[in-house]
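A structural walkthrough
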Amino acid sequence: MAPTLSIRPSDRGDIPAVDALLARAYPKLLKADYPPSVLVTAVPLIARARPELIASGTYYVAEDDHGAIVGAGGWSVLRGRTGRTLAEVRHFVTDPDRVRQGIGRGIMEQVIASCRAAGARELACQSTLTAVPFYRALGFVGIGRIDVPLAECVFFPAVRMLLRLG
């Protein structure tokens with residue numbers, strides 16, 4: 001019997017589990033695509049749950065049939081855009097021992113449906129180098145490489161990607 005998976009909006013009670021998932025997943029999943037010099041400075045800054053995002057109503061967690069959180073991710077509206085409604089993928093993660101099991105895809109399907117219902121016409125993301133194939137498989141198109149500023153003099157290499165929703 002295949003394990004069941006449920007996806008639900010996150011709440012503040014999920015902060016410790018999402019925090020632990022990010023801290024466990026990012027170092028393991030990103031090490032094939034980033035040098036240690038980048039990971040040692042970036043991972044402590046990106047592998048932390050964002051309480052405001054978790055409580056936003058547009059962030060989701062995937063729970064397995066034992067109630068463990070095995071994936072998370074969401075979206076926010078980008079401000080300051082004119083002529084179109086643009087949403088941004090936020091803080092996606094899958095348990096490193098559960099990749100390629102449909103967890104990320106399930107969360108992304110929820111994100112896309114939620115974005116469409118909110119009137120978003122495009123969904124953008126700042127993909128890690130590791131996640132580019134995942135986003136491409138979902139229909140995202142690469143726009144170009146970027147360096148995401150994390151702190152003073154700390155930049156994280158990523159790829160800007162875009163999915164047209166309507």
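Structure first, text after, so check above.
In what follows, the accompanying structure is described. Bear in mind the structure is a predicted one, so any value in this text is a computation, not a measurement.

1. A look at the overall build of the chain
- Counting secondary structure elements, the chain contains five helices and seven strands.
- Its helices and strands in sequence order give the chain the pattern β-α-α-α-β-β-β-α-β-α-β-β, from N to C terminus.
- Here the C-alpha radius of gyration of the chain, 15 Å, is about what a compact globule of 166 residues would show, namely 15 Å.
- Within the structure as shown, the chain displays about 8700 Å² of accessible surface, and the carbon and sulfur contribution to it stands at 54%.
- For the chain, the distance from the average site of its 20 positive side-chain charges to the average site of its 15 negative ones is 7 Å.

2. Some words on the packing of aromatic side chains
- Scanning the model with the defined rule gives four aromatic pairs in all.
- Each ring, one from phenylalanine 92 and one from phenylalanine 134, has its centre 6.4 Å from the other, and the planes form 40°; the classification is tilted. Taken together, the residues phenylalanine 92 in strand β4 (residues 86–94) and phenylalanine 134 in helix α5 (residues 132–137) connect sequence positions 42 residues apart.
- You can call phenylalanine 134 partly exposed: its relative accessible area is 27%.
- Ring plane angle 70° and centroid distance 5.1 Å describe the contact between phenylalanine 134 and tyrosine 135, whose orientation is recorded as edge-to-face.
- Overall, tyrosine 135 belongs to the buried group, its relative accessible area being 5%.

3. Topic: the sheet that holds strand β2 (residues 59–64)
- Reading across the sheet, the seven strands line up as β1-β2-β3-β4-β5-β7-β6 and stay open at both edges, with mixed pairing between neighbours. At either margin of the open sheet sits one strand with a lone partner, and together these are β1 (5–9) and β6 (141–151). For this sheet, the mean inter-axis angle between neighbouring strands, taken without regard to orientation, is 25°.
- Note: strand β3 (residues 69–77) against β4, six bridges, orientation antiparallel. Counterpart to glycine 74 in the pairing with β4 is arginine 90.
- Against the sheet, helix α1 (residues 15–30) engages β2, β3, β4 and β7 (154–164), with an angle of about 80° to β4.
- Sheet contacts for helix α4 (residues 103–117): β1, β2, β3, β4, β5 (122–127) and β7; angle to β3, the most-contacted strand, approximately 25°.

4. Side note on the pattern of salt bridges
- A full pass over the atoms with the stated rule returns seven salt bridges.
- Two residues, arginine 8 and glutamate 63, come together in a salt bridge whose shortest N-O distance is 3.1 Å. Taken together, the residues arginine 8 in strand β1 and glutamate 63 in strand β2 connect sequence positions 55 residues apart.
- Between arginine 160 and glutamate 88 there is a salt bridge; the shortest N-O distance is 3.0 Å. Within this pair, whereas arginine 160 is found in strand β7, its partner glutamate 88 is found in strand β4, the two being separated by 72 residues in sequence.
- In this structure arginine 160 comes out as buried when scored by relative accessible area, which is 17%.

5. A closer look at α1
- With 16 residues, α1 should reach 22 Å at 1.5 Å per residue; the first-to-last C-alpha distance of 22 Å fits that figure.
- Regarding α1, the residues found buried are Val18, Leu21, Leu22, Ala25, Tyr26 and Leu30. For α1, the arc enclosing every buried residue in end-on projection is 110°, short of the 170-degree limit, so these residues lie on one face.
- Buried residues along α1 sit against α2 (36–46), α3 (51–54), β2, β3, β4 and β7.

6. Digging into the environment of proline 133
- Structurally, the position occupied by proline 133 is in helix α5.
- Owing to a relative accessible area of 52%, proline 133 belongs among the exposed residues under this scheme.
- When the C-alpha positions of proline 133 and aspartate 147 are compared, they lie 19 Å apart, and in sequence the two are 14 residues distant.

Definitions and limits used
- For every chain, the first residue of its written sequence is number 1, and the numbers climb from 1 along that sequence.
- At least 70 in pLDDT is required for a residue's local features to be given in this predicted model, at least 80 for side-chain atom pairs to be given and counted, and no such filter applies to totals for whole chains, interfaces and linings, which use all residues.
- Heavy atoms from the whole structure form the basis of all side-chain values; hydrogens and water molecules are not counted.
- Think of it this way: any DSSP run of H or I at least four residues long counts as a helix, any run of E at least two long counts as a strand, and we number them from the N terminus.
- In this description the radius of gyration comes from C-alpha coordinates, and the expected globular size is given by 2.2 Å times residues to the power 0.38.
- Throughout, the Shrake-Rupley method with a 1.4 Å probe supplies accessible areas, and for residues the shown protein chains are the sole cover considered.
- By the counting rule applied here, Lys and Arg register as positive and Asp and Glu as negative, while His and the ends of each chain are not counted.
- Where a charge sits is defined by one atom per residue type, namely NZ (Lys), CZ (Arg), CG (Asp) or CD (Glu).
- Two aromatic rings, drawn from Phe, Tyr or Trp (for Trp, its six-membered ring), form a pair once their centres lie within 6.5 Å of each other, and the interplanar angle then sorts them: stacked below 30 degrees, edge-to-face above 60, tilted otherwise.
- Per-residue accessibility, obtained with a 1.4 Å probe over protein chains only, is compared with the maximum for each type, and a residue is labelled buried under 20%, exposed over 50%, and partly exposed between these values.
- In this analysis, strands are considered paired if DSSP registers two or more bridges between them.
- In this analysis, axes come from line fits to C-alpha atoms, helices being fitted only over the stretch in contact, and the angle between any two N-to-C directions falls in the range 0 to 180 degrees.
- Contacts between residues were defined by any pair of non-hydrogen atoms, one from each residue, lying within 4.5 Å.
- Salt bridge, as applied in this entry: a Lys or Arg side-chain nitrogen positioned within 4 Å of an Asp or Glu carboxyl oxygen.
- A helix is expected to reach a length of 1.5 Å times the quantity of its residues less one.
- Comment: arc refers to directions from the helix axis out to C-beta atoms.

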